[in-house]
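# Examination of the molecular architecture
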Amino acid sequence: MAEGGSTVSALEAAIIHGLRQLRTRYLQRGGRAAAAAEEDSTGDPDSSLNRLPTDMQLYILSFLTPQDLCRLGMTNRYWNEMVQDRLLWKYFLLRDLPTWSSIDCHSLPDVTLLNSCLSESEQMDANFMSIYLRSCPKTRKSIRSKNPIYGAVTSFLQSLVMQGEPRFAMFGPGLEQLDDSLVTRMMTSPDLLPVVSILQRQIDGIGSGVTFQLNNQHKFNILTLYSTTRMERDRARAEQSASANKMFLADNPQDRNPKVLYTLIPQVQEVCRVVEGFIYVANAEAHTRHNRDEEVAQIMTMMDPNLGPLRRPLLVLACVTNPGDKRIPCVYLAHDLCLSNLNRPWMVQNTEASTLSGLLEGIDWILTEVGKKL
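Small disclaimer: the values here were computed from a predicted structure and weren't measured.

The rules we used
Residues numbered from 1 in each chain as written. Predicted model: local features only at pLDDT ≥ 70, side-chain atom pairs only at ≥ 80, totals over all residues. Heavy atoms only, no water. Buried < 20%, exposed > 50% of the residue type's maximum accessible area, 1.4 Å probe, protein only. Helix = DSSP H or I, 4+ residues; strand = E, 2+ residues; numbered from the N terminus. Polar contact = N/O pair within 3.5 Å; in protein donor to acceptor, adjacent residues only side chain to side chain. Core = buried A, V, L, I, M, F, W, Y, C linked by side-chain atoms within 4.5 Å. Contact = heavy atoms within 4.5 Å. Patch = residues over 30% accessible without salt bridge, like charges linked within 9 Å, V, L, I, M, F, W, Y side chains within 5 Å. Areas by Shrake-Rupley, 256 points an atom, 1.4 Å probe, with all protein chains shown as cover. Salt bridge = Lys/Arg side-chain N within 4 Å of Asp/Glu carboxyl O.

### Considerations on helix H8 (residues 86–96)
Where burial is concerned, most of H8 is hidden: nine out of the eleven residues are buried. Within H8, burial applies to Leu-87, Leu-88, Trp-89, Lys-90, Tyr-91, Phe-92, Leu-93, Leu-94 and Asp-96. Sitting at the amino-terminal end of H8 is Asp-85, which places a side-chain oxygen 3.2 Å from the backbone nitrogen of Leu-87.

### Observations concerning the nonpolar core
Core analysis: the biggest nonpolar cluster contains 63 residues, and Met-302, Leu-314 and Val-348 have the highest contact counts within it. Take this core: its biggest share by element is six residues, from H8. With residues near it in sequence (within four places) discarded, Leu-314 still touches Phe-278, Tyr-280, Ile-299, Met-303, Leu-339, Leu-342, Arg-344, Pro-345, Trp-346, Met-347 and Trp-365.

### Looking at the side chain of Ser-107
The topology assignment puts Ser-107 in the loop between strand S1 (102–104) and helix H9 (111–115). A relative accessible area of 1% places Ser-107 in the buried class. Not counting the four nearest positions on each side in its chain, Ser-107 is found in contact with Arg-134, Ser-135 and Arg-140.

### As for a nonpolar patch on the surface
A contiguous nonpolar patch, built from Leu-52, Met-56 and Ile-60 and spanning about 200 Å² of accessible area, is present on the exposed surface. As for its position among the elements, Met-56 is in helix H5 (residues 54–61). Overall, the relative accessible area of 33% leaves Met-56 in the partly exposed class.

Take a look at the structure:
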């Protein structure tokens, strides 16, 4: 996934230097498209823009925002056809997706299409305009809000079976590897007021529970699970060494097969049986080395269908320490963690530990998924 930036640069070069190759295709497509602009009363065939060569028109379109492009497409039939150019929308997709703050299970673009060249994507009949509009966070929210009746029914049915505040298990390397503690910041946030610490839920020094209140309205409980005890984490951090994960037991540690299988310790299994959802804190810092295969195996172990209902949501917080830290885009992180293989609702949300930026959006999403009206 790291080659995403170079792919965008190559595609931008193709936009600037290679659009002349598309001119023949558009002219062959019919003088019909060009004639449509002349016949359309809303168009102006004598305008300077219409008199430009097709490749120059597409080059100018590449500087517009996708929103402006959609507005231009509504002016007449000619521009409606022009703004749907596949190369143009693939350029927008690869250019903008690193800046998107979130992605979910309904909008993740296919990694094969992202890495394919234009000729291959044409053979796959990919509609990059549709992919972009479905994946972009702004348009995704508007699409999701078009079905309020289903959401209301879901909330009503879940309210019949949910007792007390919803509980979420939070785990992942982002809790321990960052230079700032996400949990400590949450405990001091004015938007997430800690109500009570549940001492009786402590698990051998690697987990405990806290009840939070979101915006003085919605209470929820987070059971935080660490890989080791606080003392062992501090020692490993000071010595810059790795410590064994006490939550997971390797089933085949001596096996030559690099794909290690895990089981959970009994105490964590009990946590997974009583929670309504999961929060995975991923380290999204680009300069850090990550063992994504191990993370995928551990996520799959926590999501074991034998430990609870299949449809419990998973919120992935793609965490960096400070604003401005170079991060792995959430779209690429979703593919790295193989989230498309999960048969449950999930969302990846960009988050900063020091400012908690993005955290409230993620909490809003997972509370909505378990039936809380916000």
